[in-house]
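# Fold and geometry: a report
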Amino acid sequence: MAVIIDGKAVSLSCREKIKEEVAKMAAKGIVPGLAVVIVGDNPASRTYVNNKKKGCAEVGMYSEEYALPEETTQEELLELVEKLNNKEDIHGILVQLPLPKHIDDKAVIAAISPQKDVDAFHTENVGRIMIGEYKFLPCTPAGVMELLKAYNIDVAGKECVVIGRSNIVGKPMLMLLLQANGTVTICHSRTKDLKETTRRADILVAAIGKAKFVGADMVKEGAVVIDVGINRDENGKLCGDVDFEAVKDKASYITPVPGGVGPMTITMLLKNTLEACRDENK
Ligand code: NAP
């Protein structure tokens, strides 16, 4: 039976450290501030935004929410981003995705000041990750790396396989594992012999968005299995991309869903906001 990686516990301990750092800054009269922008009324986005605000409050950070109606124009949203770029008490800006269809999310991301881009989606920050000179890391892959570190799982020299090539998870995950000296393969929907590839992995990261897609037959005995997926199973219950029950006896370490990677994502956002504030006040 694999060691179950406790994302909640790791996240709590990271947040304690962030809270201490925030308190030290507050003693000097500096409070890190995050602006969260939500457009429309997507229920999942609403939950994420609420959790982000709650996370800020828990570590003593300041946060502002801008809830805009669905019919907000791209121009209006860009104006708000520009205002936040210049707002002194705001160090991080997060525009919750997805945006309504009439708004070009690329234009909005491009408008966020790279210094305040705590999601690390701006092309400048993406480019920095490519050359290993980054200020911010995208929150979910950064959370995965923190989990590996917390469990002393060394990536160097390991065969790492990432399933999924999204800009938010798969691609930056590839870069971070590579920078940690893993030998990395990325798979996607056009990969031939997916099973052959995943069975080579010492560290397997699933970021697909398909409930229980990764079965025991896709996993090497003793592999570390990291499940980024957040899905609903046939009974409406939250589950990952990995068939946890089938894989847990084959893996050496495994993240559960919920309680694995998920809790780390907002924690990494708080970490990025703290870094942005530090950078601004150095
Ligand atoms: P995405 O943009 O939909 O990307 C999914 C990736 O999976 C694509 O690259 C796709 O390949 C690949 N894929 C789909 N079907 C496949 C198949 N049959 N075989 C191999 N690859 C396949 O999703 P995402 O935004 O990266 O998110 C992935 C999952 O992570 C979702 O469940 C999402 O909810 C979750 N997530 C969790 C967190 C968190 O905080 N834990 C954060 C972000 C996302 P193609 O490129 O060829 O289409």
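Everything in this summary refers to the structure shown in the same document. (Residues numbered from 1 in each chain as written. Predicted model: local features only at pLDDT ≥ 70, side-chain atom pairs only at ≥ 80, totals over all residues. Heavy atoms only, no water.)

## Focus on the nonpolar core
- Membership of the largest hydrophobic core comes to 50 residues, with the highest contact counts inside it found for Met-61, Leu-148, Leu-177, Val-205 and Ile-226.
- Considering each element in turn, this core owes the most residues, 8 residues, to helix 10 (residues 262-280).
- If we skip the residues at most four places from it in the chain, Met-61 touches Ile-18, Val-22, Val-31, Pro-32, Cys-56, Leu-270, Thr-273 and Leu-274.
- Among the nonpolar cores identified, the runner-up in size contains 17 residues, and Ala-201, Val-214, Met-218 and Ala-223 belong to it. (Core = buried A, V, L, I, M, F, W, Y, C linked by side-chain atoms within 4.5 Å. Buried < 20%, exposed > 50% of the residue type's maximum accessible area, 1.4 Å probe, protein only. Helix = DSSP H or I, 4+ residues; strand = E, 2+ residues; numbered from the N terminus. Contact = heavy atoms within 4.5 Å.)

## Considering the pattern of salt bridges
- On inspection of all chains with the given rule, the structure shows 17 salt bridges.
- Glu-21 is the partner of Lys-24 in a salt bridge, and the nearest nitrogen-oxygen pair spans 3.2 Å. Here Lys-24 and its partner Glu-21 are both found in helix 1 (residues 7-27), 3 residues apart, which amounts to about one turn of the helix.
- On the basis of relative accessibility, which here comes to 51%, the residue Lys-24 falls in the exposed class. (Salt bridge = Lys/Arg side-chain N within 4 Å of Asp/Glu carboxyl O.)

## Looking at the site of the ligand
- Neighbouring the ligand are 21 residues; Arg-165, Ser-166, Ser-189, Ile-230 and Thr-265 lie closest to it.
- Lys-210 has a polar side-chain atom sitting 3.1 Å from a nitrogen atom of the ligand.
- One nitrogen or oxygen atom from the main chain of Ile-230 is found 3.0 Å from an oxygen atom belonging to the ligand.
- In isolation the ligand has 920 Å² of accessible area, and contact with the protein removes 71% of it.
- Taken together, the residues of the shell around the ligand break down into 9 nonpolar, 10 polar and 2 charged. (Near = heavy atom within 4 Å. Polar contact = N/O pair within 3.5 Å; in protein donor to acceptor, adjacent residues only side chain to side chain. Areas by Shrake-Rupley, 256 points an atom, 1.4 Å probe, with all protein chains shown as cover. Nonpolar A, V, L, I, M, F, W, Y, C, P; charged D, E, K, R; others polar.)

## Remarks on unusual backbone geometry
- With an omega of 0°, the peptide bond between Leu-97 and Pro-98 qualifies as cis.
- With respect to the helices, strands and loops of the structure, Pro-98 is situated in the loop between strand 4 (92-95) and helix 4 (105-111).
- The residue after Val-257, namely Pro-258, is reached through a cis peptide bond having omega 0°.
- Along the chain, Pro-258 turns up in the loop between strand 11 (253-254) and helix 10.
- With a phi close to 70°, Asn-181 is a non-glycine residue in the positive phi region.
- With respect to the secondary-structure elements, Asn-181 resides in the loop between helix 7 (170-179) and strand 6 (183-187).
- Judged by relative accessible area, Asn-181 falls into the exposed class, the value being 53%.
- You will see that Asp-193, though not glycine, has its phi angle at about 50°, which is positive.
- Within the element layout of this structure, Asp-193 appears in the loop between strand 6 and helix 8 (194-198).

## Details of the environment of Leu-147
- On the secondary structure map, Leu-147 appears in helix 6 (residues 139-150).
- The exposure class assigned to Leu-147 is buried, which follows from its relative accessible area of 0%.
- Between the C-alpha atom of Leu-147 and that of Ser-13, which follows or precedes it by 134 residues, the distance is 11 Å.

## Observations concerning the packing of aromatic side chains
- The full count for this structure, using the stated rule, is 1 aromatic pair.
- Judged by centre distance (6.2 Å) and plane angle (75°), the rings of Tyr-151 and Tyr-253 are edge-to-face. Placement of Tyr-151 in the loop between helix 6 and strand 5 (159-163) and of Tyr-253 in strand 11 is noted, with a sequence separation of 102 residues between them. (Phe/Tyr/Trp six-rings, centres within 6.5 Å; stacked < 30°, edge-to-face > 60°.)

## Considerations on the sheet that holds strand 1 (residues 3-4)
- The parallel open sheet is built from 6 strands, whose spatial order is 1-11-8-7-5-6. Both outer strands of the open sheet, strand 1 and strand 6, are each paired with one neighbouring strand and no more.
- Here strand 5 pairs with strand 7 (residues 203-206) via 4 bridges, running parallel. Considered in strand 7, the bridge of Val-161 is made with Leu-204.
- Taken strand by strand, helix 7 contacts strand 5, strand 6 and strand 7, and its axis lies near 170° from that of strand 6. (Pairing = 2+ DSSP bridges. Axes fitted to C-alpha atoms, helices over the stretch in contact; angles between N-to-C directions.)

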